[in-house]
Amino acid sequence: MKGLPAQTDFIVVGAGIAALRAAIELAESGQVLLLAKKEFPTFKARDDKSEAEWLGDEDDVILHLQDTLEAGDGLCNPAAVKILIDEGAERIDELLAWGKHHTTRLSFELENPHTRSRRLHAHGESAGKQILRTLSQKVDSLKHVSQTAFVFITELRTEGSRISGLSVLDEKGTPQEIACSAVLLATGGSGQVFSNTTNPDTATADGIALAFHAGAEVGDMEFVQFHPTALFMKKVPRFPLPEGLRAEGAYLRNFELDRFMGKYHPLGERAPLDLVARAIVHEMEVSRAKDPFVYLDVTHFNAAKLQKHFPRVYASCMAYNLDITEDLIPVRPAAHCTLGGVRTDLDGKTNVAGLYAAGEVATTGVHGANRLPSNTLLEALVYGARAGKAMRNVEKVSSHAAPNPKAAYSNGPVDAGVEELIGQIQNLMWSELGLVRTRLGMQKAVKMLEEMAPKLAHPRTRRGHEAANVHLAALLVARSALAREESRGAHYRMDYPDHDDKKFLKHSVARGDKVVFV
Ligand SMILES: Cc1cc2nc3c(=O)[nH]c(=O)nc-3n(C[C@H](O)[C@H](O)[C@H](O)COP(=O)(O)OP(=O)(O)OC[C@H]3O[C@@H](n4cnc5c(N)ncnc54)[C@H](O)[C@@H]3O)c2cc1C
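Residues numbered from 1 in each chain as written. Predicted model: local features only at pLDDT ≥ 70, side-chain atom pairs only at ≥ 80, totals over all residues. Heavy atoms only, no water.

Mind laying out the overall build of the chain, listing which residues take part and the relevant values?
The number of helices and strands found in the chain is 14 helices and 19 strands. In the chain, which comprises 518 residues, the share counted as buried stands at 57%. Carbon and sulfur atoms make up 52% of the accessible area of the chain, which totals about 22000 Å². (Helix = DSSP H or I, 4+ residues; strand = E, 2+ residues; numbered from the N terminus. Buried < 20%, exposed > 50% of the residue type's maximum accessible area, 1.4 Å probe, protein only. Areas by Shrake-Rupley, 256 points an atom, 1.4 Å probe, with all protein chains shown as cover.)

How would you sum up helix α10 (residues 375-391)? Please name residues and give values.
Taking 1.5 Å per residue, 17 residues should reach 24 Å; α10 reaches 24 Å between its end C-alpha atoms and fits that length. Burial analysis of α10 places 15 of its 17 residues in the buried class, which makes it a mostly covered element. (Expected span 1.5 Å × (residues − 1).)

Describe the sheet that holds strand β12 (residues 251-253), listing the residues and the values that go with them.
Here we have four strands laid out as an open sheet, ordered β11-β14-β13-β12, and antiparallel in their pairing. Because the sheet does not close on itself, it has two edges, and the strands there are β11 (224-231) and β12. Taking the axes of each pair of neighbouring strands and ignoring which way they run, one obtains an average angle of 45° across the sheet. Alignment of β11 against strand β14 (residues 329-338), held across six bridges, turns out to be antiparallel. Considered in β14, the bridge of F226 is made with A335. (Pairing = 2+ DSSP bridges. Axes fitted to C-alpha atoms, helices over the stretch in contact; angles between N-to-C directions.)

Hey, could you go over helix α12 (residues 439-452) for me, with residue numbers and the actual values?
An α-helical turn contains 3.6 residues, so any two residues separated by three or four positions project in the same direction. Compared with the 20 Å implied by 1.5 Å per residue over 14 residues, the 20 Å span of α12 between its first and last C-alpha is a close match. Taken together, the buried positions of α12 are G441, M442, A445, V446, L449 and M452. Across the axial projection of α12, the buried residues extend over an arc of 135°, all falling on one side. Those residues of α12 that are exposed and aimed more than 90 degrees away from the buried face are L440, K447 and E451. As for α12, its buried residues are in contact with α11 (418-432) and α13 (462-483). (Arc of directions from axis to C-beta. Contact = heavy atoms within 4.5 Å.)

Run through the packing of aromatic side chains, naming residues and quoting values.
Applying the stated criterion to the full structure yields seven aromatic pairs. With a centroid separation of 5.4 Å and an interplanar angle of 80°, the aromatic rings of F194 and F226 are classed as edge-to-face. Of this pair, F194 sits in the loop between β9 (182-185) and α5 (206-213) while F226 sits in strand β11; the two residues are 32 residues apart in sequence, bridging distant segments of the chain. Each member of the pair, F194 as well as F226, carries the same accessibility label: buried. An angle of 65° between the planes, with centres 5.8 Å apart, marks the rings of F226 and W430 as edge-to-face. Taken as a pair, F226 in strand β11 and W430 in helix α11 lie far apart in primary sequence, 204 residues in all. Here F226 and W430 have matching classes, each one buried. The cationic tip of R278 hangs over the ring face of Y492; the distance from NZ or CZ to the ring centre is 3.9 Å. Positioned above the aromatic ring of F232 is the side chain of R332, whose terminal nitrogen or guanidinium carbon lies 4.0 Å from the ring centre. (Phe/Tyr/Trp six-rings, centres within 6.5 Å; stacked < 30°, edge-to-face > 60°. Lys NZ or Arg CZ within 6 Å of the ring centre and 35° of its normal.)

The structure is reproduced here in structure tokens:
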């Protein structure tokens, strides 16, 4: 492995769509260093050389805008949504051109609550994976972009009021400083704040915590989208079962095998996503099971059609000996998308000079209080590219970073008690800050999290840093949710079930341990 440089022009933190797309934009303007805390995505070669095509010609820009604004429940920034839609088409055309030698067929399909066929579909492979494959190959071909895996960022360094570099732990756990002119945070979601999540174990809110400690504004943290039907089997990843299954007529059954959605909404299983998720939580609460869940039932579908239209769902479940053409699928809601995050303008710029954020770690105003499913991949593509373009204009500095007096870390052993603390935070957040929130529950969560703070204040290992980051993000979610005394989008409170536009048609911003609305 090549060592880390002491100085570079641009640092991009992350290895997902936003990070790779930004790096492509930056490659002509200086040296770019991509840092990932685990490995970069790798892909097996494919034989399939069929031509890519975009079948989304029935869409209408105004309708996509309307669907997104409606999902955002009053808090989207219409300018941000318009950019997403206008530039989304260009970014996808560009991808199809870059990937034409290996991409399989991409087309658009209908998904609740979209009003038109608009979900990019990759016929057998996830659209996200296809996009990553194409971007990775493009990045690999760029001379000025280098990639280093297994690097953990412990601090964003500032000089005066601007970013001057990073403190990191390299693969061996050795502390190191890297000076640079600008940093892009593209670290994705924060699902690991909750005990039930579809997110990978890397989603520990590192980007949000790094930005917050560097003085960047973090906002709208109370808005977390929960997927209603994530696979629930012991020791199996919480794979989200697509909304499309319910749109096509899948049933939801409780522990007694009764269909229950009719009690909650006239549209039954086709009711809006949040309502379905809350109905499932209620059925789980009244169930007498020790470890409750509900079932998604597609056994009445034509088996051949089911396998043809949902090949990934079929194959993923089969991998765990679950034949969905014959067996009921155990499901539970799970934290899926972080809608708040590091506040940026429409070019990914934060309030700290030289610090940018893009993708799920950022909040641009695209999603508002809730997300239209499938808009996040597009957001990472469009806003990753915009942030990369904007960073090209940052004035270059060529200094070397001073040693960090706080850097005395190692890779292990794990800080004592850290895993237990993470588990406690995740369980607390799931029970008190999940789909249905109450004042008492949230007050309890804030108090317990504040009491835990001293135990997490001086992390010595990577896992210790992750625990501190999860803890900070949990506190930001809990304080913001407690401060928003209404229900809106993905934030639902039993004590305030309605909107309060007069007081809360605003964004929350965390300032120290306070939350303000702007
Ligand atoms: C199971 C699942 C299915 C989904 N399906 C869809 C879908 O169908 N449509 C849709 O629009 N959206 C979907 N989403 C959401 C979508 O995948 C994400 O919103 C999108 O990929 C975000 O892109 P990103 O580049 O911001 O972050 P990511 O793609 O999450 O990438 C973040 C990267 O940052 C790295 N990282 C994290 N912390 C650090 C750190 N401290 N240092 C260095 N690197 C770090 C991670 O390892 C990762 O490589 C899904 C999400 C999940 C979890």
